[in-house]
Amino acid sequence: MHNLVLKPFEGKKALILGVANERSLAWSIAQHLYQGGARLAFTYQGEALERRVRPLAESVQADIIYPCNVSEDSHLDSLFAEIKNQWGGMDILIHSVAFANKEDLEGRFVHTSREGFRIAMDISAFSLIATARRAEPLMEGREGSIITLSYYGAQKVVPNYNIMGVAKAALEASVRYLAYDLGPKKIRVNAISAGPVKTLAAAGIKNFKSMLAASEEKTPLHENISADDVGSLSAFLCSSYAKHITGSTLYVDSGAHIMGV
Ligand code: NAD
């Protein structure tokens, strides 16, 4: 039996990639980890987002606030060098990053360009491998937890989600292969497949509003999820309650994924 632990992440160090603003799923995850006692590091993608991310990060007393474009190896190398330098190691990696060109998130999937495919796969899927590889030595002996964010469009066709569905499929498969590789070091790797939430990234998907409406109407629970649901599931996955869960994609989508029609 587990005792209820009020500060399950006391002494833990968590690196969070993917906060853009206060609506970001990563921000809710960060708040849950902070409330659980974790020390936090944040990245931001470019100066414009730094203005949004820095005050949020400071409000949870972040130790590290660092620039990082995940498609640049040099950025990743210097980020993880900074983590090693300041923290010595780390326990939690939150990968909450995705991107595809706007023209690839509408219309016919068959028109996806070679460059559009490359960009979406690189930023949305390969970046998990690239960050996990760099986190591995820093998590050694610390029972690390790595979490990424996916969506049901990885499994079934969701009109307009297009190339991002293919990237999320690659992401979910990468979770399984990474879980196998890192398992012997007691590092767990899981994906959270979330229902639609209105965020900056979601705004890039054509007809996102109708996805929200459909999910409210058709899911078993007849209500949309919030970023807070993703935060609490992340806290569970990073905690010792989930110490034998790895390689999984867990759904927090009001049951949408069980529906056939
Ligand atoms: P968001 O816009 O707040 O977060 C996306 C983040 O990706 C941003 O912080 C952005 O800076 C970052 N990013 C994009 N390209 C990058 C790059 N090259 N280098 C570094 N960072 C980069 O939106 P969100 O909805 O919180 O998205 C977070 C994750 O959740 C994404 O993987 C998204 O696909 C996933 N997700 C979102 C929903 C939803 O409905 N919002 C549902 C399921 C899954």
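Nothing here was measured: the structure is a model prediction, and the numbers come from that model.

A. Representation of the layout of surface pockets within the structure. There is about 1000 Å³ of room inside the largest pocket. Lining the largest pocket we find 44 residues, and of these Ser 96, Val 97, Ala 98, Ala 201 and Ala 202 sit closest to its centre. Roughly 520 Å³ of internal volume is contained in the second largest pocket. Around the second largest pocket, the lining is made up of 21 residues, and of these Tyr 151, Tyr 152, Ala 214, Ser 215 and Ala 256 lie nearest the centre. Those elements giving two or more residues to the lining of the second largest pocket turn out to be strand S6 (188-194) and helix H6 (208-218). Among the elements that line the lining of the second largest pocket, the one with the most residues is H6, at 4 residues. A per-class count over the lining of the second largest pocket returns 13 nonpolar, 5 polar and 3 charged.

B. Local environment of the site of the ligand. Around the ligand there are 28 residues in total, and Ser 24, Leu 25, Lys 168, Val 197 and Thr 199 lie nearest to it. Contacts to the ligand include Ser 24, whose side-chain N or O atom sits 2.5 Å from an oxygen atom. Within the side chain of Gln 45, one N or O atom sits 2.9 Å away from an oxygen atom of the ligand. Its atoms largely coinciding with the cavity grid, the ligand occupies the largest pocket.

C. Quick look at the packing of aromatic side chains. Under the defined criterion, the tally for this structure stands at 3 aromatic pairs. A ring pair is formed by Trp 27 and Phe 42, whose centres lie 6.2 Å apart and whose planes are at 45°; its orientation type is tilted. Remark: Phe 42 occurs in strand S2 (residues 39-44) and Trp 27 occurs in helix H1 (residues 25-35); sequence separation between them is 15 residues. There is no split in this pair, since Trp 27 and Phe 42 are both buried.

D. Structural detail: the pairing of S2. When you tally the buried positions in S2, you get 5 out of 6 residues, the bulk of the element. As defined by bridge partners, strand S1 (residues 13-17) adjoins S2 across 4 bridges and the pair is classed as parallel. Across the sheet, Ala 14 pairs through a bridge with Leu 40, a residue of S2. For the segment spanning S1, H1 and S2, crossover handedness is right-handed. In this sheet, strand S3 (residues 64-67) lies alongside S2 in parallel orientation, the contact comprising 4 bridges. The residue of S3 that forms the bridge with Thr 43 is Tyr 66. The parallel pair S2 and S3 is bridged by helix H2 (residues 47-59), and the resulting crossover is right-handed.

Reading the values: the criteria
Residues numbered from 1 in each chain as written. Predicted model: local features only at pLDDT ≥ 70, side-chain atom pairs only at ≥ 80, totals over all residues. Heavy atoms only, no water. 1 Å grid on protein atoms, 1.4 Å probe; cavity = no way out; pocket = protein on both sides within 12 Å on 5 of 7 lines; lining within 4 Å. Points joined across faces, edges and corners; volume = space filled by probe spheres on them. Helix = DSSP H or I, 4+ residues; strand = E, 2+ residues; numbered from the N terminus. Nonpolar A, V, L, I, M, F, W, Y, C, P; charged D, E, K, R; others polar. Near = heavy atom within 4 Å. Polar contact = N/O pair within 3.5 Å; in protein donor to acceptor, adjacent residues only side chain to side chain. Sits in = over half its atoms within 2 Å of the grid points. Phe/Tyr/Trp six-rings, centres within 6.5 Å; stacked < 30°, edge-to-face > 60°. Buried < 20%, exposed > 50% of the residue type's maximum accessible area, 1.4 Å probe, protein only. Pairing = 2+ DSSP bridges. Right-handed = clockwise from strand over helix to strand, strands pointing away.

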